[in-house]
Structures are given as structure tokens and as C-alpha cells.
Amino acid sequence: MGIFVDRETRAIVQGITGTQGRFHTRLMLDYGTKIVAGVTPGRGGMEVHGVPVYDTIEEALGKHEAEASIIFVPAPFALDAALEALENGLKTIVIITEGIPIRDSMEIVARAKQRGATIIGPNTPGVITVGECKLGIMPAQVFKEGSVGVASRSGTLTYEIAAAISRGGFGVSTCVGIGGDPITGLNFVEVLERFRDDPSTEAVILIGEIGGDLEERAARYILEQGYLKPVAAFIAGRSAVAGKRMGHAGAIIQGRAGTAESKIQALREAGVEVAERPGEIAKIVGELLGRD
Amino acid sequence: MGIFVDRETRAIVQGITGTQGRFHTRLMLDYGTKIVAGVTPGRGGMEVHGVPVYDTIEEALGKHEAEASIIFVPAPFALDAALEALENGLKTIVIITEGIPIRDSMEIVARAKQRGATIIGPNTPGVITVGECKLGIMPAQVFKEGSVGVASRSGTLTYEIAAAISRGGFGVSTCVGIGGDPITGLNFVEVLERFRDDPSTEAVILIGEIGGDLEERAARYILEQGYLKPVAAFIAGRSAVAGKRMGHAGAIIQGRAGTAESKIQALREAGVEVAERPGEIAKIVGELLGRD
Amino acid sequence: MNLLEFEAKEVFSRYGIPVPRGEVASTPSQAEEVAERLGVPVAVKAQVAAGGRGKAGGILFAETPQEARDVAGRLLGSEIHGLRVRKVLVEERLRIKRELYFGITVDRSSRCYVAIASSEGGVEIEEVAATAPERIVRFPIDPLYGLKSYHALRIAKALGYSGRQLRSLSSLFHRLYTLAVEQDAELTEINPLVETPEGEFIAADARLNIDDNALFRHPEFKERLFSEERGDLTPEELEARRRGLAYVKLDGEIGVIGNGAGLTMATLDMIRLQGGRAADFLDLGGGASSERMSSALSLLFSDPRVRVVLINILGGITRCDEVARGILEVKEKMGFRRPIVVRMIGTNEEEGRRILREAGVEVLESMEEAAERAVEIARRE
Amino acid sequence: MNLLEFEAKEVFSRYGIPVPRGEVASTPSQAEEVAERLGVPVAVKAQVAAGGRGKAGGILFAETPQEARDVAGRLLGSEIHGLRVRKVLVEERLRIKRELYFGITVDRSSRCYVAIASSEGGVEIEEVAATAPERIVRFPIDPLYGLKSYHALRIAKALGYSGRQLRSLSSLFHRLYTLAVEQDAELTEINPLVETPEGEFIAADARLNIDDNALFRHPEFKERLFSEERGDLTPEELEARRRGLAYVKLDGEIGVIGNGAGLTMATLDMIRLQGGRAADFLDLGGGASSERMSSALSLLFSDPRVRVVLINILGGITRCDEVARGILEVKEKMGFRRPIVVRMIGTNEEEGRRILREAGVEVLESMEEAAERAVEIARRE
């Protein structure tokens, strides 16, 4: 179970012959992920860790069945890679690539909507349904199987918190990186909706940061919908200054919008427990799940 | 009755304040067409022959109901005018404008398909359902009411034939100019389908010309579908030479494709009577309708 | 508007499509200099905007600069399909492993651009379509989506390429598509698209036909619309274009003026049915004014081949009296240099007839009659 | 990348958006010359890529060329919001009937561009949004459809214009949209957009922020990315950018290096919770190599404000031993110029710890502990 991916998910790796694609294909295979094919134009006929490589997705789908893909191609080619996946009917597309132009991301997301597909990312560590499928670049060892759903805008901070959850004796159902860019395929509300319907998830952790208003909208959603599963959060960037981009393209306070304070306040007003520091998360999870 | 427009049709004139728009608005009103509003950006608040003018279609539709429009704006602005009509939900759009770039026409037609709307033209005299509604620039006096449906790629040649029909004591149900450009919203097959379902039409005349293969496709349709109403045709351009554009942007024989001979042969093989000269049309109509 | 090969190749280069090294020359000695600079052997190619140039002897080869001079001398000033050769393109001679075809054109039935590729290049694509249709790949392009790089890959794959060549060929296809859209091409094609023994792809020939109606978006080409150098129009056609008339030169002796493309074509057809031959197609267009009429008539009067002028007007938006006044103007200015036959019906027909009757011109009722009369006069004159 | 006003106005002009007549000057005497050429009165505007420039005294006026020289002298070399003024823009002073606002920016929630217009220009749009939201028109733009001319008309109409002004204003809006898309703007705005007493619209100010990630499509701007003249980055930030590090200068004394933006931000937050102040945000990014680490550490060591460096690494793709080796490199090359505190867990953690222990560096387990230690050292030093 879990959301977006599970043990049945069959995936194609786009950009499988690059350094990153190659490296993570091995790690994903090691985790048990069903990588059925790879795609790199001009490299059709090769194999990468036993996975056959094709020039196009169309060709790959002529030989294999798949419903997901993970994209490692360089930023200037990511738009086309995503459109190729969409046009060929793939329904879950993880875009690891960092540095995609905003305009390209807007197009990807709009096309995905037309086709009813899910874009995870761009600039995401991907998604992992613990013990079942890892479609991403997160280190597997920090995750233990459990009932906490995690949605996050960052990478290593998520691993930090996942490790804290594990140390506390708890575990994760699915962890989704929605991505660190200003335009991403998923927002927190959409992930919360999925976790709501996932029987293997009992509580949800949101890992937010400065920039945009995804956290405020999540807070409003939780409040207005009377979200039934307990939610906790951590928000990075309370010490950030306005107008400066904090690493992630999306992590920027613009004018008065996007401050950590605004997000924390909104979440607290919606009854979400907001941790002061990552280390507190395990304790909070214990409270949420009703065990100490 | 008739097709595309009838006495209930309410239309907006786009480009109503230009010389052509103004002139033909009066002629259409004289014919009894329900012109409910005009649109010219920057001219909102004016009146043309008693028709109120607005800056945008959105505004016009705030005050009036309409389902059709007729476009007289210059070619560089025609794409936007058509898109505005489509976005605002109009379902029948007559594009009189000549000289629209092919790429713009391709976009107009593709967007119309998405929205389920009908584009008549570009580069068309428009459509007339005789005695009910004239949404076009054809001279009304050449048409008499009757049961012959006419679909044509040209203007004056159509009037020539309509006049011949009238002289022969017959009349027209609806006459549609599909337009003289290589890319048009309607083809002959689509018009034949409409005439098939129109009880006021008993026979159909197609007026074709060199270029493209609309006539051949119409012939194939008539043959394969066993079209039940009698069809006659006239094809202009038997003396045309390859590679030269005969006035209409669409009237050009390219390589071996688009000759009058090919069209005439295909139509005759489908059982369509093809007139040698416009003057024969009345006689042929008499035969089709079973009266001499 | 059909660009000349060297003009098209300039545009191709801008889009990163490889073309042979080469330069244009207007004189034999320039051709020699270019051949020297490039190194021999070279191809010397007549710059005329007509198809089948190769078969018509418009492409010659030279092993030495001197020979380049000679063959350039033979081409320059000659006529190919009725078009004068004013320039030649001198190019390195490519070594050829295989000749392919790639083009983007308008698919009228599907109302979109279509990419056409074939492993049979160097001959006309219609030829291939007729004899070996299985060698042609057609890819219709959704106007709201475009040709993406992975579509281009699919096309290149269908031609049997893989690896590095698959990438370079598909990238070339994609560039030509971008060019077609951005430049409003009605047709652009590379035939032959040469594969060299080293595995590179080079556009040996280049055709680019820009949609005349889109020239307002392309000021660069718009200027050439009325230029003598253009090369795909006869001097009469250029003059007519300057006067805003749709004119096509034909090879008969009956001048024809009509209003509306279909009606004018039908008039030509009628002349042919009567056994005559038209000297032209001249469409006044919609709502013709007296100036247009007089401009058209005087144009035909200046054509020595024309023995009689047949004017066929159906008054709708066009008013017959306006047209009649235009005819009268010509009479007053230059006199009727040739007999004229007028057929005129429709809006303000009576007033038009009256004006012409007073000028001694009889007006006929039917197209048939008018064509018959014109053919008769042409025979007699 | 934030363009300077005069650079943005160059781009605006290319798109046919009216801007005041003006020229840029690097010296007071150049400013005087420009004022003479333009005619007085003029505005003299500091060219720094920072908002609120007017309030900070960056825009002055001059009634004579001599005065233009004087005020330019005052601005040139001064600092506005920490950015050095290297150039001024000398412009004709506009006569103003009304000040509007128009901008195109990215709507993160709707995942599309949004056009924002207001009849309240000349103040920050966030200000208007807070105090008079009814004066703001927001128009979200479908990325697969675009802003059409009739959308622009609708926006201009909502500001209360009609007739000729409606057309000219909407055409200006449409041009700015075209610019935004073609230039990959993250934000472009005209504030104020001046309506003159004659009814013309002129972009009195111009802001254009180009998406850094799209610079591969804009070689023209890409070159400026590392240029000193850019003006919106401090020298340290520029140097970090050259080294490929995500670095933001802050005003404290604890140097921070992390891997991953979220983790680094959380580290800053932790320092603040402990009562300390960070000197920077420095993210090594994913899969950091030893070179990146050593480059980052030596950068912070060269900052005199830094009293202690806190390194927080979570090994995932990044390997702790790699990072440890990078730290060691710096020790060997330049020595530890400041105390360092390292927190490191994850992939190859043991090997990393061992390397650092041998170099005399203790590695801590938790972020909290590490932050506490760093704050303590900063107090002591």
C-alpha cells in the first residue's frame, strides 16, 4: 500500500545512461523497485544493470508494460522527457532534475493535468513506499516501515526527519518529495488527500519551508475539511531574510509572502503541531499515534 | 430550416466599424439577419446601423445572447478574433477575412475542434439560409428559396450558379462557402453530412476547384456511405497549369495532386453529375429533382 | 514566396542545419574565385525558384576553378523553365553515401503540418509516393502541440538509423520543424539530404516556400516580394503583383479579366471548351473599384501576345457601373488597343450596360456567349 | 537574475513598450552631458537591483545639467541596500496624470503566469493588495493558451479606460506578456506605468527578473551571471556562484555549511534558537564532492566576520568520507583559520568520523548539539 507507488509499480528510467541515472537505477533495483526499461536517445540496444535501454518510450512500451517513469535528464531536455512520458500514457512521473525553467515546469504541469497524470517534482528526491518501491534518490537506510506519511519540499532535511522517526521506533508508509521549485506537480493538499484515503497511513508529517503558500493552503484544507488523520509539521527558514533565495529555487520570501512565521501560525491555527526542531519529531509522532 | 444558420440565429459582427463590416452589417440586417451586437476594440459605446458596439465579445455577451459571429477584421488580427469567439462559447463562426496565414488557420481550426464549434471560412462569402438568415457577403438577390443545398469553394462563381438555379425556376435551401484557402474549417464531406440531415434540402450542388483533395474525399464519402440525396458538381480550373496559384490561396495544383481531371473523375465514379459549364446547372438540377 | 536555394540555405544555417560550404556568384569570374577559395571539385547551381532544376541542366560540376568559371558562364543568363538565371551557387561537392528526403508541408486534409521523410532522396517525393510508398514516413503534427524531439527520433528511427546518427538526424529534423513554424513555411524540404561516408547529414539542396499571407510577420522577406531578383515570377506577374492584382501568365492569346478566382478559372475553362487559349488568369478580387479595372485592362493591353480581352464580371459586392467606368477610363487614356468582349451581370447591371453602350461596347449576358465571341475574334485578328 | 533598470528598459524598447528618453552615465560629467542632450528637467536614478530604491534616496531630480552632475555625483559610489551604485540612468522627467501598475509574475498556487494590474501605481503592489485589494486586477494565464489581445483588453478595461487609450494600454500589456514568455521572466513589472496628460502610457520604471534556470536559452544574459556589474549580488555571493555554491550572505558571525537547502535552513534556524547569528547560508547541494567541501570551507575562512564554522552533513547520496576529506584538504592547505564544529550522519559516517578524528576534529551526532557548540564558541571567540 502507501500512495503513488507500491510493489506493483513498473517504471521506466529516462536518462538511464547518465552518471546519476545509472547510479540510482542500481540503488532502486537493489531496493526491489521494478525498473522495466531505460530510455536514452541514441543508446537503444544497451543494457544498464541488466535493464534494457531504448531510444524512445514508445519503443520501450512496445516491449514492456509500465505506468511510471523517473527522469534524470539534464534540465534543458526535461520538458520534452516529461511530455514524452505523458504522451505515452505514463501516469506517475518523478522528475529528479534540478534547474528546470519555470516556464517549462508550468507547461509540464498543465499537460499532466490534461492527461490526468501525476508529476512528482521537479527538483525532488522522489517517492518511496517503504519496503515496496523506491522511485527516487533518497537513501533507503534512513526509512523504516511504518504508518507515518511524509510530504516534504526538501531532500536531506527529509532524511534527517525520517532518521529521527526511525530512531524513535516509528516508521514511514510513503514519503513524497513534492520538490523544491516554485512550480511543482503536487502540492501539500493533494498529498494530504491521498494519505487520507490510504489505509496504511495513520498520521502525516509535512516538511515545509519558506516561499509560496503551500503550507497555508494545507492548513486551510485541514481546517475546512476536518482532516481526520493527525498532522504534524516542521517548517525550515525562520531565520531567512526577504528577497534572498535559500538554495531551493522555491525558497524565497517575496515581499510579505512566504515567511516561516505565516506558515507556522496558519498550521497551528489548523491544529497542526509544529516542531521547533527536527529532533522533536519522534516525540510528536509518538503523541500523534497515541503511544509514548 | 437549412443548415448552420436559420431565422433564430443571433450573431455578433467582429470588426463592425470597418468599411466592410459596416457595409455588410446593413445588408445582413436588411436581409433579416439577427445581428445583436458588434465588436471593435476601442469602439465600445458606438452604434452601427442601430447595432450596439462593444470592445470585447465578453462584454457583448453580458448584454445580448448570441451563438454565432462573423469576422471582418484584417488578416493579422483574425486569429485572435476567432479565438475570442471560441473562448466565449460561440458555436458558428464565419471568417470572411482573406489572406490569413496558414499557420493561424491551422490553430483556429484545431481550437474550434476542441470546443466543438464550426468555422466557416476563412476567405469565404459566408453562409445563407435563403429567406431566413444571411451571415455573409453574398448578394441576396441571386438566391431564391428552394430545396437545393450548395457548398462551394468560391464566391462569384457560386453567385453565377445560384443565379442560374434561380433562372431555371429552382431555389436554394442553404448555400455555404467553405472558403478558398488551403486550410478551412469545413470540408465538403462535413457539409454533405449536414445536408443529409436537413429536411429542407433535396439535392446538393458542390462547386469545387483545383487544389487539395476535398472533392475526391467527397466522392469517396458519397460512394462509401451511399449518400441518399442526389449530388451534382461543377469544378473550376480544368485549364489551370501546375504550380501556379489561381487567385485563391488554395487553388494550386501541386505536383500531380489537385487537378480538375482527378476531381471530376472521382466525382463521376461516385455517380455525381459534373457540369461542363455553369449554365448547365439549372438543367441538371431539374433532373436531380425529377422535374424538367 | 519561394526562396532561392542560397537564400533558403542562409535561413537553414541560422537554425543550425548543416549545409555544404559555398558562396553565391553573379559572374563567371566570381564563380572561379569562389571555387578557388573552397577548393575543387565544386558544384555550380543555377539559382532559380523552379523544381526539376537538375533535370533541366541547372546543376553542373567542375574539377578546376577554370572549369567553374566556364560552367558558370553557361548557366548565368540562360533560362530554366522560363526563369532567367541571375546567380549561381558554387559549393563544395559532397561525397555521398546515401540520399534521403525530409520535408515539412501543409496537409490540407488533416489541416496541419505534416513531416515527410524518406530513405529515397534525390528524386521527387511524389515519384517515391507513387512507386515506393512504403519508403515514406508521414508524421502529422498537431498544431496545438508541435513536433517534439521524441517525435523526430521516431521518424529518424523509421529511416533505420541508430546511435549517434539517430540523434544528429532527429535533431536536424527538429530544427527544420522549428524553422517551418517560425518562418511560416508553406513548404520546406531537403532533397537530397545527404549522408556522407563519415556519417554526417548535410542539406545538399534546400527549399523554403514562405506563406505569402504571413509575410507581415517576416519583414526580412516581405521586401523581396516585389523584387526583380525573386526569380519565381515573370516580369508581368511582378508588375501585376505591384498593382495588387492576382495574375498568372499563361501561353495563349485571349486576355481574361474576371472578378473572383473561381469565376475567372471557369472563364478560362470556357475559353478552352470553345477551342481558344487564354493568355492569362487575372482576378480583380472582391469589391473591385474602377481603378483596379483600369489597371488590369491596361496591363493586358501592354502584353503583345494578347489579341482580344474578355472581361467577365458578376456584380455582387462589386458594382457593374464601377467596373464599366474603369473600362471607360482606359478607353479615354489609351484607347482600346485590342477588341474587348464584356460579360456583366448583377449589381447595377443596367447602369454598367448603359455606360459601356455609350462607349460603343456591347455587353453580353452569358459566359458561354462571351467566350465564344472572344475565341472567334482571336481567330480573326 | 534581476536586470538593472536601464537593461530592462533596453529589452522593453525591443518589444515596443514606450520608455522615457534617457541614457546611462558612469560619471557625473557624463550625467551632465546626457541632461544637456535630453533637455531639463531630468530624473537621475541609481542603477541598483534593489526594490524600494526611491524611498532609499536613489532617485533624484535636476532642473539644470549642472544639477544633474551634482546629484549624479552624490549617487555614484554610494550604497543602496548594501549594493554599490556604479551607474545612473538620466531620463527626461515625465509629466504625470496618473500612475498605474502592471506586472507579470509566477502564480505558484495556480502554477501559471499571472498578470496583475492596478490603478494604484507608484507604490508597492503588496501595499495596494493589503490596503485596497479592489483596485487590483489579477488575470491568471493558461500556460497552454497564453494571454491573448482580448484578455489584455479586458484588463485595460477593468482599469477604466476606453477608446484609443484602451487599445494602446492593452497593446502595452500584451507586449509585456510576450516579453515575459520569450525572455523567461520570473517577474517583470512596470511601476509606475505613467499616464501622461496627453493620454500616452510610458514605463517610467522597468523591472525584469529572468529565471536563472532558463539562462541557457538566453546567452545574452547568461554572460552577465558572473559579472561584477550585475549589482544584485555581494562580492562574496558572486565568488560563491563562480564556485557553483548556493550562498547567501547574512549578518551574523557563525559560518554555516550544509548539504541540501532545507537542512541548511534548518541549521540556521537552530543557531537562532540557541541565540546565535549565522554569517551565511551555504548549501553544498546533492552528492557533494571533497572539492566542493574544501571550496566552501575556504570561502568562509576568507570572511573576516566568521568566528566559527558549523558544518552539518546528512549523508545520503553525499558520502561522509568524501566530505571529511574535503575538510582535511583545507586543513592541509591553509590550516583551520577558525574553529570548526562538524555534525555528520549517514552514508559512510564511520569512515568520515575516523578521518576527522585523526585530524583532531570531533564529530557530533545531533544538529541541536552542534548548533549549541557553535554558538558557545562564537560567544567565546
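Residues numbered from 1 in each chain as written. Chains lettered and ligands numbered in written order. Predicted model: local features only at pLDDT ≥ 70, side-chain atom pairs only at ≥ 80, totals over all residues. Heavy atoms only, no water.

Quick word on the overall build of chain A
The number of helices and strands found in chain A is nine helices and 14 strands. Its C-alpha radius of gyration of 18 Å places chain A within 12% of the 19 Å reference for a compact globule of 292 residues. Expressed as lengths along the three principal axes of its C-alpha atoms, the size of chain A is roughly 55 × 40 × 30 Å. When the 292 residues of chain A are sorted by exposure, 66% land in the buried category. Look at the contacts in chain A between residues 6 or more apart in sequence, and 74% of them connect residues 24 or more apart. When the accessible area of chain A is evaluated, it comes to approximately 9900 Å², of which 49% is carbon and sulfur surface. For chain A, the separation between the mean place of its 30 positive charges and that of its 36 negative charges on side chains is 3 Å. (Helix = DSSP H or I, 4+ residues; strand = E, 2+ residues; numbered from the N terminus. Rg over C-alpha atoms; globule rule 2.2 N^0.38 Å. Buried < 20%, exposed > 50% of the residue type's maximum accessible area, 1.4 Å probe, protein only. Contact = heavy atoms within 4.5 Å. Areas by Shrake-Rupley, 256 points an atom, 1.4 Å probe, with all protein chains shown as cover. Lys, Arg positive; Asp, Glu negative; His and termini not counted. Charge placed at Lys NZ, Arg CZ, Asp CG, Glu CD.)

Points about the overall build of chain C
Summing up its helical and strand segments, chain C has 13 helices and 18 strands in all. Residue burial in chain C is summarised as follows: out of 381 residues, 58% are buried. Just so you have it, chain C exposes about 15100 Å², and 47% of that area is on carbon and sulfur atoms. When the 53 positive and 61 negative side-chain charges of chain C are each reduced to one mean point, those points stand 2 Å apart.

Points about the sheet that holds strand 5 (residues 68-71) of chain B
All names here are of chain B. Judged by pairing direction, the sheet is mixed, and its seven strands sit side by side in the order 3-4-2-1-5-6-7 without closing on themselves. Of all the strands in the sheet, just strand 3 (47-48) and strand 7 (118-120) have a single pairing partner and so form its edges. Strand direction decides the pairing type here: strand 6 (residues 92-95) and strand 7, joined by three bridges, are parallel. Bridge pairing in strand 7 places Ile93 opposite Ile119. In this fold helix 3 (residues 75-87) packs onto strand 1 (10-14), strand 5 and strand 6, with an angle of close to 170° to the strand it touches most, strand 6. (Pairing = 2+ DSSP bridges. Axes fitted to C-alpha atoms, helices over the stretch in contact; angles between N-to-C directions.)

Re the domain arrangement of chain A
Residues and elements named next belong to chain A. By domain assignment, chain A separates into domain 1 (10-120) and domain 2 (138-288). The distance between the C-alpha centroids of domain 1 and domain 2 comes to 26 Å. Counting residues at the interface gives nine residues for domain 1 and 10 residues for domain 2. Between domain 1 and domain 2, roughly 750 Å² of surface is buried when both sides are summed, and carbon and sulfur atoms account for 66% of that area. Our count for the domain 1 to domain 2 interface comes out at zero salt bridges. The interface formed by domain 1 and domain 2 holds zero residue pairs in polar contact (both at pLDDT 80 or more) in total. (Domains from an automatic or database assignment. Buried area = accessible area lost by both parts, 1.4 Å probe. Salt bridge = Lys/Arg side-chain N within 4 Å of Asp/Glu carboxyl O. Polar contact = N/O pair within 3.5 Å; in protein donor to acceptor, adjacent residues only side chain to side chain.)

Looking at the domain arrangement of chain C
Split by domain assignment, chain C resolves into domain 1 (21-92), domain 2 (98-221) and domain 3 (233-376). The C-alpha-based centres of domain 2 of chain C and domain 3 of chain C are spaced at 42 Å.

A look at the pattern of salt bridges
All names here are of chain C. The final tally for this structure, using the stated rule, is 112 salt bridges over all chains. A salt bridge links Glu189 to Arg207; the shortest N-O distance between them is 3.7 Å. Of the two residues, Glu189 is situated in strand 10 (residues 185-195) and Arg207 in strand 12 (residues 207-210); the sequence distance between them amounts to 18 residues. Judged by relative accessible area, which is 13%, Glu189 ranks as buried. Since its relative accessible area comes to 32%, Arg207 is described here as partly exposed. What emerges from the salt-bridge pattern is a single network uniting Glu5, Lys9, Lys45, Arg53, Glu91 and Asp205.

Quick notes on the pairing of strand 17 (residues 340-346) of chain D
Residues and elements named next belong to chain D. Of all seven residues in strand 17, six are buried, a share of seventy percent or more. The sheet contact formed by strand 16 (residues 308-315) and strand 17 spans seven bridges and is parallel. Bridge pairing links Asn312 to Arg343 in strand 17. Once the chain exits strand 16 it traverses helix 11 (residues 320-334) before rejoining the sheet at strand 17, and the crossover so formed is right-handed. (Right-handed = clockwise from strand over helix to strand, strands pointing away.)

Concerning the arrangement of the chains
Taking C-alpha atoms only, the smallest gap left between chain A and chain B, which are not in contact, amounts to 12 Å. There is a gap between chain C and chain D: no contact, and a shortest C-alpha distance of 8 Å.

Some words on the side chain of Thr158(A)
Residue and element names in this part refer to chain A. Inspection of the secondary structure assignment puts Thr158 in helix 5 (residues 156-167). Overall, the relative accessible area of 3% leaves Thr158 in the buried class. Those residues in contact with Thr158 that sit more than four places away from it in its chain are Val150, Ser152, Cys175 and Ile207.

Some details on the interface of chain D and chain B
Taken residue by residue, the interface counts 12 residues in chain D and 13 residues in chain B. The contact between chain D and chain B buries some 1200 Å² in all, and 50% of this surface belongs to carbon and sulfur atoms. Among the residues of chain D in contact with chain B, Tyr145(D), Tyr150(D) and Arg154(D) are the three that bury the most area, contributing 43% of the side total. Arg154(D) is the partner of Glu87(B) in a salt bridge, and the nearest nitrogen-oxygen pair spans 4.0 Å. At the junction of chain D with chain B, the criterion picks out nine residue pairs in polar contact (both at pLDDT 80 or more). Of the residues forming the side of chain D that touches chain B, the biggest block, six residues, is contributed by helix 5 (residues 149-158) of chain D. Taken together, the residues of the side of chain D that touches chain B sort by class into five nonpolar, three polar and four charged. (Nonpolar A, V, L, I, M, F, W, Y, C, P; charged D, E, K, R; others polar.)

Points about helix 1 (residues 5-14) of chain D
Residue and element names in this part refer to chain D. Burial runs high along helix 1: seven of the 10 residues are buried. Where helix 1 is concerned, the buried positions are Glu5, Phe6, Glu7, Ala8, Lys9, Val11 and Phe12. Looking at the residues trailing helix 1, positive phi occurs at Gly16, about 75°.

Quick word on the interface of chain D and chain A
Between chain D and chain A, the residue contacts involve 48 residues of the former and 60 residues of the latter. Here chain D and chain A share an interface that buries about 4300 Å² over both sides, 59% of which is from carbon and sulfur atoms. It is Arg108(D), Arg111(D) and Leu144(D) in chain D that bury the most area against chain A; as a group they hold 19% of the surface buried on that side. At the junction of chain D with chain A, the criterion picks out six salt bridges. Ionic pairing is found between Arg245(A) and Glu186(D), a salt bridge with its closest N-O pair at 2.2 Å. Where chain D packs against chain A, one counts 19 residue pairs in polar contact (both at pLDDT 80 or more). The set of elements that each furnish at least two residues to the side of chain D that touches chain A consists of strand 7 (98-107), strand 8 (112-118), helix 4 (125-131), strand 13 (246-249), helix 9 (261-273), strand 15 (280-283), strand 16 and helix 13 (367-380) of chain D.

Some thoughts on the packing of helix 9 (residues 261-273) of chain C against helix 13 (residues 367-380) of chain C
All names here are of chain C. Packing of helix 9 against helix 13 leaves a shortest axis separation of 9 Å and a crossing angle of 55°. On the basis of the axis angle, helix 9 is oblique to helix 13. Relative to helix 13, helix 9 is oriented so that their crossing is right-handed. Where helix 9 abuts helix 13, its residues Leu263, Ala266, Thr267, Met270 and Ile271 lie against Met367, Glu368, Ala371 and Val375. Grouping the constituent residues of the contact of helix 9 with helix 13 by class yields seven nonpolar, one polar and one charged. (Parallel < 35°, antiparallel > 145°, perpendicular 65-115°, else oblique. Left-handed = near helix turned anticlockwise from the far one by under 90°.)

Observations concerning unusual backbone geometry
Along the chain, Val40(C) connects to Pro41(C) via a cis peptide bond; the corresponding omega equals -5°. Relative to the helices and strands, Pro41(C) resides in the loop between helix 2 (28-38) and strand 2 (42-46). Backbone geometry at Asn123(A) places phi at a positive 60°, although glycine is not the residue there. Structurally, the position occupied by Asn123(A) is in the loop between strand 7 (118-120) and strand 8 (126-129). Its relative accessible area of 12% is what places Asn123(A) among the buried residues. The residue Arg111(C) is not glycine, and still its phi comes out positive at about 55°. Its place among the elements puts Arg111(C) in the loop between strand 7 (98-107) and strand 8 (112-118).

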